[in-house]
Amino acid sequence: MRKILLDCDTGIDDAITILYLASLVKAGEADLVGVGTVHGNVDPATGALNTLRIFEMTGIKDVPVAVGAGRPMAQDVHFAHDWHGTDGLGETHLPVPATTPDGSSAPEQIVRLARAHPGELTLIAIGPLTNLGIALLLEPDLPELIREVVIMGGAFDHPGNITTHAEANVWHDPEAADLVFAAGWPTVLVPLDATHPTAVGDEWLDRLAESTSDVAKFAVRILDFYVTAYTPTLKRRGCVIHDALAAMLAVDPSLGRYEERPVRVELRGELTRGATVWDARSLPAEDARRPVRVVVGSDVTSFQERLLATLL
């Protein structure tokens, strides 16, 4: 049973991912030891409240939720309200949860839990990487304490989703992302190249809407906003639940196909800042960085069916 530490910016696809992880926790298939929130889709305080709302809905208790970095390391903060709503959950404006966030910061929580469970934690990061970058600065030995880092972010042969070349989670804090990719811990990167082919459409959404469970009704409610935002991009009714693929691959790596290359982040390009770069040549140049295991594809049908099953 994997011990999972989640770092997120709880918007709509993060919320679906937390529902997926909650189902694993309730089934005894995963141990969620903590959640940290970061700027990204929304501010981290709002993201923490959204996380606690989902825990209350699913009956998950005693998982600490820590509020993290409210801005990137070296640029202005931006939020994705047009994709996730000002509340991060599709303008549903749910009641304030009964529980409150943990008193520590998310980077402090990463360091504390890594020290408490050396070599055991799978750190799943599905938002900007500011908290991870700060944690690396707080604890230089952190890469030796973490079992694996699984990141949703980046784009290689796929266009960016916030600029022509940059994916949102990396673009929101390129400096932190490059720190994380250079850290030398075992890293799996789930870029847009892998997530976009998993986009759900009419049939999947209709099957979800047929369910009468509270979780499914909540998912339908928030996904309605997300689908509206996504339809012009996909040219059809549907959406891409990016973060859930990263979480599922963290639990079952066999669903993915991988290539290993060192990864760097462009920090200075006028048009390419935040782009992820790898040397994909047949004879790549030598690089002192540890290779990142980049997901280049997945079993789309299995992903969609497993995710739907957890929501139903």
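Attention here is on the structure that accompanies the text. The model shown is predicted, which means the values in this text are computed figures rather than measured ones. (Residues numbered from 1 in each chain as written. Predicted model: local features only at pLDDT ≥ 70, side-chain atom pairs only at ≥ 80, totals over all residues. Heavy atoms only, no water.)

### Looking at the nonpolar core
Side chains that are nonpolar tend, in soluble globular proteins, to be buried together. Worth spelling out the cut-off: Among buried residues, the Ala, Val, Leu, Ile, Met, Phe, Trp, Tyr and Cys ones that are joined through side-chain atoms within 4.5 Å form a nonpolar core. Under the scheme applied here, a residue whose accessible area is under 20% of the maximum for its type counts as buried, over 50% as exposed, and between as partly exposed, the area being computed with a 1.4 Å probe on protein chains only. Working rule for contacts: check all heavy atoms of both residues, and any pair within 4.5 Å makes them a contact.
Residues Leu6, Ile16, Val190, Trp204, Leu223, Ile241 and Leu307 are the most contacted members of the largest nonpolar core, which totals 63 residues. Contacts of Leu223, omitting those with residues within four sequence positions, involve Ile12, Ile16, Trp204, Leu205, Leu208, Cys239 and Ile241. Among the nonpolar cores identified, the runner-up in size contains 31 residues, and Val33, Ala125, Ala135 and Val149 belong to it.

### Some points on the packing of helix H12 (residues 242–251) against helix H13 (residues 300–311)
Keep this limit in mind: All axes here are fitted lines through C-alpha atoms, helices being fitted over the stretch that makes contact, and every angle between N-to-C directions spans 0 to 180 degrees. Where helices and strands are cited, they refer to DSSP runs of H or I of at least four residues and of E of at least two residues respectively, numbered from the N terminus. Should an angle fall under 35 degrees it is taken as roughly parallel, and over 145 as roughly antiparallel, whereas 65 to 115 is taken as roughly perpendicular and any remaining angle as oblique. Gly falls in the polar group here, along with every residue not listed as nonpolar (Ala, Val, Leu, Ile, Met, Phe, Trp, Tyr, Cys, Pro) or charged (Asp, Glu, Lys, Arg).
At a closest axis distance of 11 Å, the pairing of H12 and H13 adopts a crossing angle of 95°. Judged by the angle between their axes, H12 and H13 are roughly perpendicular. Contacts between H12 and H13 involve Ala244, Leu245 and Met248 on the former and, on the latter, Phe303, Arg306 and Leu307. Across the contact of H12 with H13, the residue classes break down as 5 nonpolar, no polar and 1 charged.

### Structural notes on the pattern of salt bridges
For clarity, the cut-off: Salt bridge, as used here, is a side-chain nitrogen of Lys or Arg placed within 4 Å of a carboxyl oxygen of Asp or Glu.
Applying the stated criterion across every chain, the model contains 11 salt bridges. The salt bridge partner of Arg115 is Glu139, with a shortest N-O separation of 2.8 Å. With Arg115 in helix H4 (residues 106–116) and Glu139 in the loop between helix H5 (130–138) and helix H6 (142–145), this residue pair connects regions lying 24 residues apart in the sequence. Residue Glu139 is classed as buried on the basis of its relative accessible area, which comes to 10%. For Asp252, the salt bridge identified is with Arg306, shortest N-O distance 2.9 Å. Residue Asp252 is located in the loop between H12 and strand E8 (256–261), and its partner Arg306 is located in helix H13; the two are separated by 54 residues in the primary sequence.

### Overview of helix H11 (residues 214–234)
Condition: Expected span, for any helix, means 1.5 Å times one less than how many residues it has. Bend, in this description, refers to the angle at a residue between axes fitted to the seven residues ending there and the seven starting there.
Here H11 contains 21 residues, and its C-alpha end-to-end distance of 28 Å stays within 8% of the 30 Å for a straight helix at 1.5 Å per residue. Leu223 marks the point of greatest bend in H11, at about 30°. Taken together, the buried positions of H11 are Val215, Ala216, Phe218, Ala219, Ile222, Leu223, Tyr226, Val227, Ala229, Tyr230 and Leu234. As for H11, its buried residues are in contact with helix H1 (12–26), helix H2 (44–58), helix H3 (81–84), helix H10 (202–209), H12 and H13.

### Thoughts on the sheet that holds strand E5 (residues 121–125)
For clarity, the cut-off: A pair of strands is considered paired only if DSSP assigns at least 2 bridges between the two.
Strand order across the open sheet formed by 9 strands is E4-E3-E2-E1-E5-E6-E7-E11-E8, with mixed pairing between neighbours. Edge positions in the sheet fall to strand E4 (102–105) and E8, since each of these pairs with one other strand and no more. Between one strand and the next, the sheet's axes are offset by a mean angle of 25°, whatever the strand orientation. Inspection of the sheet shows strand E7 (residues 187–190) paired to strand E11 (residues 292–298) by 2 bridges, in the parallel sense. When the sheet's bridge partners are listed, Val188 is paired in E11 with Arg293. Where H1 meets the sheet, it contacts strand E1 (2–8) and strand E2 (30–37), and its direction lies at approximately 165° from that of E1. Each of E1, E2, strand E3 (65–67), E4, E5 and strand E6 (146–152) touches H4; the most contacted strand, E4, lies at about 90° to it.

### Description of unusual backbone geometry
Even without glycine at this site, Asp62 takes up a positive phi of about 65°. Counting through the fold element by element, Asp62 comes out in the loop between H2 and E3. Although it is not a glycine, Glu91 adopts a positive phi angle of roughly 60°. Checked against the element boundaries, Glu91 lands in the loop between H3 and E4.

### Structural notes on the environment of Val180
Along the chain, Val180 falls in helix H8 (residues 174–181). Residues Val180 and Ala135, spaced 45 residues apart in sequence, show a C-alpha to C-alpha distance of 9.8 Å. Among residues more than four places away in sequence, those in contact with Val180 are Leu129, Leu132, Gly133, Leu136, Ile151 and Trp185.

### Description of the environment of Arg293
Relative to the helices and strands, Arg293 is located in strand E11. For Arg293, a relative accessible area of 31% corresponds to the partly exposed category. Every residue in contact with Arg293, bar those within four places of it in the chain, is listed here: Thr187, Val188, Leu189, Pro253, Tyr258, Glu259 and Glu260.

### Re the packing of aromatic side chains
Stated precisely, the cut-off is as follows: Only rings of Phe, Tyr and Trp enter the pairing, Trp through its six-membered ring, and a pair is recorded when the two centres are within 6.5 Å. The plane angle decides the type: under 30 degrees is stacked, over 60 is edge-to-face, the rest tilted.
This structure, assessed with the given rule, holds 3 aromatic pairs. Here the aromatic rings of Trp83 and Tyr230 are separated by 4.8 Å at their centres, their planes lie at 65°, and the arrangement is edge-to-face. Separated by 147 residues along the polypeptide, Trp83 in helix H3 and Tyr230 in helix H11 bring together distant segments of the chain. Residue Trp83 is classed as partly exposed on the basis of its relative accessible area of 26%. The class of Tyr230 is buried, set by a relative accessible area of 4%. Consider the rings of Tyr226 and Tyr230, whose centres lie 5.2 Å apart with planes at 85°: the pair is edge-to-face.

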